[in-house]
Amino acid sequence: MALKKVNLPENFILGAAASAWQTEGWTGKTEKNMNYMDGWYKAVPELWHDGIGPTVAADLYNRYKEDARLMKEVGLNAFRTSIDWSRFIKDYETGEVNEEAVQFYNDYIDEIKKNGVEPMICLEHYELPLYLFEKYGGWGSKKVVDLFVKYAEQAFKHFGHKVKYWFTFNEPIVVQTRVYLDAIRWPYEQNTAKWMQWNHNKNLANAKVVKLFKELGLEGKIGAILNPEVTYPRSSAEHDKKAAYMYDLYFNRVFMDPMLKGKYPQDLINDLKKHNCMFDYTEEELEIIKNNTIEFLGLNLYYPHRVKARSTAWNEEIPFHPARYYELFDLPGKKMNPFRGWEIYPKIIYDIGIRLKEEYNNVEWIVAESGMGVQNEAQYKNEDGQIQDDYRIEYISQHLYWTLKAIEDGSNCKGYMLWAFMDNVSPQNAFKNRYGLVEVNLEDNRNRRIKKSGNWYKEVQENRSFELEIFENEYK
Ligand code: BGP
């Protein structure tokens, strides 16, 4: 075991992320400005940790000036958040904007820039307006796809001259997977065909917005943020490899291929047809997807997915689910984040980085989220009351190390964004697991305090280097 000094490449982005619905709170919103996440919380608040939801969140709407200063203090050179579509647009049908929200986002973006931080903006981090979810069935509807394009046009028009990094979606697969595939989220409807229709319509919406961005001739980059579930088979046996192939097809390539290669994998199409889950599409839509791939990709990478061949036969009487082809594999002795229940395996970043190089034309990309959620962080406060989150420093060091190693080996990665800049509301878990470089103290009026990791992050940014104890063999 040795201490290794690692240098950040020139122009490497070292930032942090958040989203609108998880930070802003409802100040300035009315019943008409609810989004899907707000609606879910309102439907079953008792299921959210301690009954807390997006109502106040981190109260960023009222404290963005202080927060923008803190971004600088923890050394971010970039910050990613989203625009809350449900707040920004007043009339979802016509695309008319809410002037108060325009003012807010203008001031917020200006304040971020004033502090020397590069803003990155995502158009949908689950903030689909509740009205569109209820009236049209959300992303199941092509009408919603077109209304999203109208919204994007307004966002580009208002902020396109000051924001250089845009993303269409954050984790476009997530909501429908929880709602329609696994039925573990409100409104708990199992419907695999609907799941696939949402996937397709989001691929289409992404392509249409990319097309618009190009047509408007905006400076800067547009991409999407995906959460590929970096998949490892239990063994090198054919049956396990097949399980991993199918898992990857349904959960990763379903977005990566159309967005980066302009085309769905043929195996996916064949399998969907076989199970009567093929989505509605037109040739024109496939053309739009083909001609409007993204050139900049964000990846949210938290933990590996390990799968094995099924040991029991799939019950063909229940609706089709990709789990027909795999079971999850629990690796004995794996390193865990016990709070979130996620395995810690930093090499996922390297592995996906090399895959992008080899299979996806070495697209330009960033780690758009990586981070560690920890419960009861107050127990780690020192006498002065500062959270001593050494575990987070170790987590970041190791994940950053593997990011840089991927670059060394030729992957076109441009940066690392931590989840999260500050503690914020998680879906259903609310403030249970804390992710921030900055503490948000719920017992004390949501006051902010930089954690030890925040001071450390700033040092890394200033020195453009850090030291870590590396056990490379652990990940061979
Ligand atoms: C990602 C989301 C974030 C964030 C993060 C942490 O999937 O893009 O919004 O929530 O996961 O996960 P969680 O909040 O569920 O602990």
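Residues numbered from 1 in each chain as written. Predicted model: local features only at pLDDT ≥ 70, side-chain atom pairs only at ≥ 80, totals over all residues. Heavy atoms only, no water.

The name recorded for the protein chain in an unreviewed UniProt entry is 6-phospho-beta-glucosidase, from Clostridium isatidis. What UniProt records for the protein chain under Sequence similarities (unreviewed entry) is the sentence "Belongs to the glycosyl hydrolase 1 family." (UniProt positions renumbered as here; feature names shortened; annotations may be inferred.)

Draft legend 1. The site of the ligand, seen in detail. If you check the shell around the ligand, you find 14 residues, and the closest are Gln22, Glu171, Arg340, Ser426 and Tyr435. Between the ligand and glutamine 22 there is a distance of 2.8 Å, counted from an oxygen atom to a side-chain nitrogen or oxygen. At a separation of 2.5 Å, an oxygen atom of the ligand approaches a polar side-chain atom of tyrosine 435. Out of a free accessible area of 380 Å², the ligand has 92% covered by protein chains. For the shell around the ligand, the class distribution of residues is 6 nonpolar, 5 polar and 3 charged. (Near = heavy atom within 4 Å. Polar contact = N/O pair within 3.5 Å; in protein donor to acceptor, adjacent residues only side chain to side chain. Areas by Shrake-Rupley, 256 points an atom, 1.4 Å probe, with all protein chains shown as cover. Nonpolar A, V, L, I, M, F, W, Y, C, P; charged D, E, K, R; others polar.)

Draft legend 2. Spatial organisation of the side chain of serine 397. Mapped onto the elements, serine 397 comes out in helix α14 (residues 390-408). A distance of 2.7 Å separates a polar side-chain atom of serine 397 from the backbone oxygen of isoleucine 393. Those residues in contact with serine 397 that sit more than four places away from it in its chain are Trp456, Phe466 and Leu468. (Helix = DSSP H or I, 4+ residues; strand = E, 2+ residues; numbered from the N terminus. Contact = heavy atoms within 4.5 Å.)

Draft legend 3. Structural detail: the environment of asparagine 361. Within the secondary structure, asparagine 361 is located in the loop between α13 (347-359) and β15 (364-369). Given a relative accessible area of 74%, asparagine 361 falls into the exposed group. (Buried < 20%, exposed > 50% of the residue type's maximum accessible area, 1.4 Å probe, protein only.)

Draft legend 4. Molecular detail of the sheet that holds strand β2 (residues 13-17). If you walk around this closed barrel you meet the 8 strands as β2-β3-β6-β7-β8-β10-β15-β17, and the pairing is parallel. Across the sheet, the axes of successive neighbouring strands diverge by a mean angle of 25°, strand direction being ignored. Examined bridge by bridge, strand β8 (residues 221-226) and strand β10 (residues 296-300) share 3 bridges and lie parallel to one another. Looking at the pairing, alanine 224 lines up with leucine 297 of β10. (Pairing = 2+ DSSP bridges. Axes fitted to C-alpha atoms, helices over the stretch in contact; angles between N-to-C directions.)

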